[in-house]
Amino acid sequence: MTNKIIYMDNAATTAVSDEVIESMLPFFKDQYGNPSSMYSIGREAKKAIEDSREIVANCINASAKEIYFTSGGSESDNWAIKGIAYAGLKKGKNHIISSKIEHHAVLHALERLSRSGFEVTFLDVNEKGLIDPKDVENAIKPETSLVTIMYANNEIGTIQPIKEIGKICKDKKVLFHTDAVQAVGNVHIDVQDQNIDLLSLSAHKFHGPKGVGALYVKKGITMQNLIDGGAQEKGLRAGTENIPGIVGLSTAMQIACSSIDERNENLSKLRDKIISNLLKIESSRLNGDLEKRLPGNVNMCFEGIEGESLLLMLDAKGICVSSGSACTSGSLDPSHVLLAIGLPHEIAHGSLRITLSDQNTMAEVDYLLEVLPPIIEKLRSMSPVWNKGR
Amino acid sequence: MFYSEKVMDHFSNPRNVGEIENADGIGEVGNPKCGDIMKMYIKVDNGIIQDVKFKTFGCGAAIATSSMATELVKGKSIDDALKITNKAVVEALDGLPPVKLHCSILAEQAIKAALSDYYKRKGVDPEPIVGKIKDCHESCPVSE
């Protein structure tokens, strides 16, 4: 088994599935037409895009007209947040509400707005990483134009009370955007029932290709142009469409959204086995909520060791995982998410994130559980901050 | 960010890991907040560093620089050991990614901290000989 890569970093990206690749290939080869052209191969390409739009919309109970294709989650987040912020400004609204555990695509977009004079409230989360909808309600002011709260966290897997937050925003007449990049394909999403006004998603998180995503914008909301040019995406995001990518996105999304329940049953079995076994290790802790959690997410801290070392040693055993340690982020601070749930720096540095997909097997989980404890023991034996038999 | 083969070798098979009982000098640098702590133990005889061991909490580069630093000072005179700079550690490891350079500074400081402790135990003021040991914030800028 050591010759094969065991990929357990599916929150970073996923392998493109064979069906998805098959669905994309014709649009590289024979159906290469420009969707804006009137002849047959152009019309075929146009139809492929509109069919894809319909599929994506159906998966989240939206209508096709409300779906805009983008280059991925970060673009969708930026477009939604900046677009609504500047549209709001014209009506005298300059306040946005978000949380401290958002993805950097949201946080950094908001920080930029904040430097441009917008007021941004970053709500705290509790020790499990959950937002209290009451805090959202209390933070809303007459100047608030937007609430943006992620659906499920990319590091600790916590699933937020989206419907409750959506209801509050609806009642208070404030727009609600959610970064659902980690959630789509893993949980059932219904933008109407959950009162979601804007939603970001990315194909490569559910076995689709990289570089393509979508933004759902509820009918009636006026968006600012993202890219000026041709008439693509109703003129809001010009540029010849990434047709193979869009087709790959919709194929992957259809497969993912039609098999959520059965995949989750298997995934949570694998996840729970990892969690229960790793919690037996002395001075270990699970980060995030046990119940309101993505089915494939494990995030643990092991005292006395540093996450990057752990990651490198697992890599040497052929296992790909990730860490919230500072060292993997290129900065010296550990993950802002782990700090936001109240972990001290020294513990946050020792975090390990394992994210599973339906391509992982119980045999792989068993192998992980066999190799990980001795690695932790080795690193602790080298650590000056780990005291034996504490 | 990628590590050289030398870094990976010293990370995977670190040299001189452990503690020295009855060490002549012990130095600890770094801070759990930074995510790097190095503890260096030395045994000195006739002005020669006869033995050196380390324990490190930190990333791959922290472990590799600790290991390399111990290799570089082992068997050397104190004078020669004090001449070892973080640059020498980096060069011996065939380079470090820029974000990891602070680890090599920490390794240099760990040696100096151990030697400083050695002089203190002998009742000698270490500062004129070893220089000032930088604290964590100078080698590891934690932003908050």
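Since we're looking at a predicted model, the values are computed, not measured.

Explain the interface of chain B and chain A here, please?
Think of interface size as the accessible area that goes away when the parts come together; that is how it is often given. The interface is formed by 30 residues belonging to chain B together with 21 residues belonging to chain A. Buried surface at the junction of chain B and chain A, both sides included, amounts to about 2,100 Å², of which 66% is carbon and sulfur. The largest share of the area that chain B buries against chain A comes from B:F11, B:K55 and B:F57, three residues that together contribute 28% of it. On inspection of chain B and its partner chain A, the count reaches one salt bridge. The residue B:K100 makes a salt bridge to A:E308 at a minimum N-O spacing of 2.7 Å. For the pair chain B and chain A, the number of links is eight residue pairs in polar contact (both at pLDDT 80 or more). At the level of elements, α1 (5–12), β2 (36–45), β3 (48–57) and α2 (60–73) of chain B are the ones that each hand at least two residues to the side of chain B that touches chain A.

How should a nonpolar patch on the surface be read in this particular structure?
Together, A:I21, A:L25 and A:F28 make up an exposed nonpolar region whose accessible area comes to about 260 Å². Tracing the backbone shows A:F28 in the loop between α1 (18–24) and α2 (40–59).

Teacher, can you tell me more about the pairing of β3(B) here?
Here is the key point about a regular strand: its side chains alternate between the two faces of the sheet. All names here are of chain B. Taken together, the nine bridges between β2 and β3 define a ladder with antiparallel strand orientation. Across the sheet, K39 pairs through a bridge with K55, a residue of β3. In textbook terms, the turn of a hairpin is the stretch between consecutive antiparallel strands, and for β2 and β3 this stretch comprises two residues, one of which, N46, has a positive phi near 55°.

For this particular structure, what's the right way to read the side chain of A:Q194?
Residue and element names in this part refer to chain A. Inspection of the secondary structure assignment puts Q194 in the loop between β6 (175–179) and β7 (198–202). Side-chain polar atoms of Q194 contact the side chain of Y151, separated by 2.7 Å. Excluding residues within four positions of it along the chain, Q194 makes contact with Y151, I162, K163, G166, H188 and I189.

Just checking my understanding: could you explain the pairing of strand β8 (residues 213–217) of chain A for this structure?
All names here are of chain A. Burial of β8 is extensive: five of the five residues sit out of reach of the surface. As defined by bridge partners, strand β2 (residues 67–70) adjoins β8 across four bridges and the pair is classed as antiparallel. From the neighbouring strand, Y68 faces β8, where its bridge partner is L215. Examined bridge by bridge, β7 and β8 share five bridges and lie antiparallel to one another. Paired with L199 across the two strands is Y216, which belongs to β8.

Even after reading the chapter, I still don't get the packing of helix α9 (residues 307–316) of chain A against helix α13 (residues 362–381) of chain A, so can you show me in this structure?
Each packed pair of helices is defined by two parameters, the angle between the axes and the distance between the axes. Residue and element names in this part refer to chain A. Packing of α9 against α13 leaves a shortest axis separation of 10 Å and a crossing angle of 135°. In this view, α9 runs oblique relative to α13, as classed from their interaxial angle. Taken as a pair, α9 and α13 cross one another with a handedness that is right-handed. From α9, S309, L310, M313 and L314 reach across to α13, where they touch L368, V371, L372, I375, I376, K378 and L379. Residue composition of the contact of α9 with α13, grouped by class: nine nonpolar, one polar and one charged.

Would you mind showing me how to read the packing of aromatic side chains here?
What describes a pair of aromatic rings is the distance from one ring centre to the other and the angle between the planes of the rings. Applying the stated rule across the entire model yields three aromatic pairs over all chains. A centroid spacing of 5.6 Å and a plane angle of 75° characterise the contact between A:Y68 and A:W79, whose relative ring orientation is edge-to-face. One end of the pair, A:Y68, is in strand β2; the other, A:W79, is in helix α3 (residues 73–89), with 11 residues separating them in the sequence. Overall, A:Y68 belongs to the buried group, its relative accessible area being 9%. Its relative accessible area of 3% is what places A:W79 among the buried residues. Geometrically, the ring pair formed by B:Y118 and B:Y119 is edge-to-face, given 5.3 Å between the ring centres and 65° between the ring planes. B:Y119 sits in the buried class, given a relative accessible area of 13%.

Just to check I follow, could you spell out the sheet that holds β6(A) for this structure?
Either a parallel or an antiparallel arrangement is found when strands of a sheet pair, and the pairing is made through backbone hydrogen bonds. All names here are of chain A. With mixed pairing, the seven strands of this open sheet are ordered in space as β2-β8-β7-β6-β5-β3-β4. Here the strands that pair on one side only, and so sit at the sheet edges, are β2 and β4 (119–123). Averaged over all pairs of adjacent strands, the angle between their axes in this sheet comes to 20°, without regard to strand direction. In this structure, strand β3 (residues 95–99) lies alongside strand β5 (residues 144–148), joined through three bridges in parallel fashion. If you follow H95 over to β5, its bridge partner there is T144.

What counts, and at which threshold
- Residues numbered from 1 in each chain as written.
- Chains lettered and ligands numbered in written order.
- Predicted model: local features only at pLDDT ≥ 70, side-chain atom pairs only at ≥ 80, totals over all residues.
- Heavy atoms only, no water.
- Contact = heavy atoms within 4.5 Å.
- Buried area = accessible area lost by both parts, 1.4 Å probe.
- Salt bridge = Lys/Arg side-chain N within 4 Å of Asp/Glu carboxyl O.
- Polar contact = N/O pair within 3.5 Å; in protein donor to acceptor, adjacent residues only side chain to side chain.
- Helix = DSSP H or I, 4+ residues; strand = E, 2+ residues; numbered from the N terminus.
- Patch = residues over 30% accessible without salt bridge, like charges linked within 9 Å, V, L, I, M, F, W, Y side chains within 5 Å.
- Areas by Shrake-Rupley, 256 points an atom, 1.4 Å probe, with all protein chains shown as cover.
- Pairing = 2+ DSSP bridges.
- Buried < 20%, exposed > 50% of the residue type's maximum accessible area, 1.4 Å probe, protein only.
- Axes fitted to C-alpha atoms, helices over the stretch in contact; angles between N-to-C directions.
- Parallel < 35°, antiparallel > 145°, perpendicular 65-115°, else oblique.
- Left-handed = near helix turned anticlockwise from the far one by under 90°.
- Nonpolar A, V, L, I, M, F, W, Y, C, P; charged D, E, K, R; others polar.
- Phe/Tyr/Trp six-rings, centres within 6.5 Å; stacked < 30°, edge-to-face > 60°.

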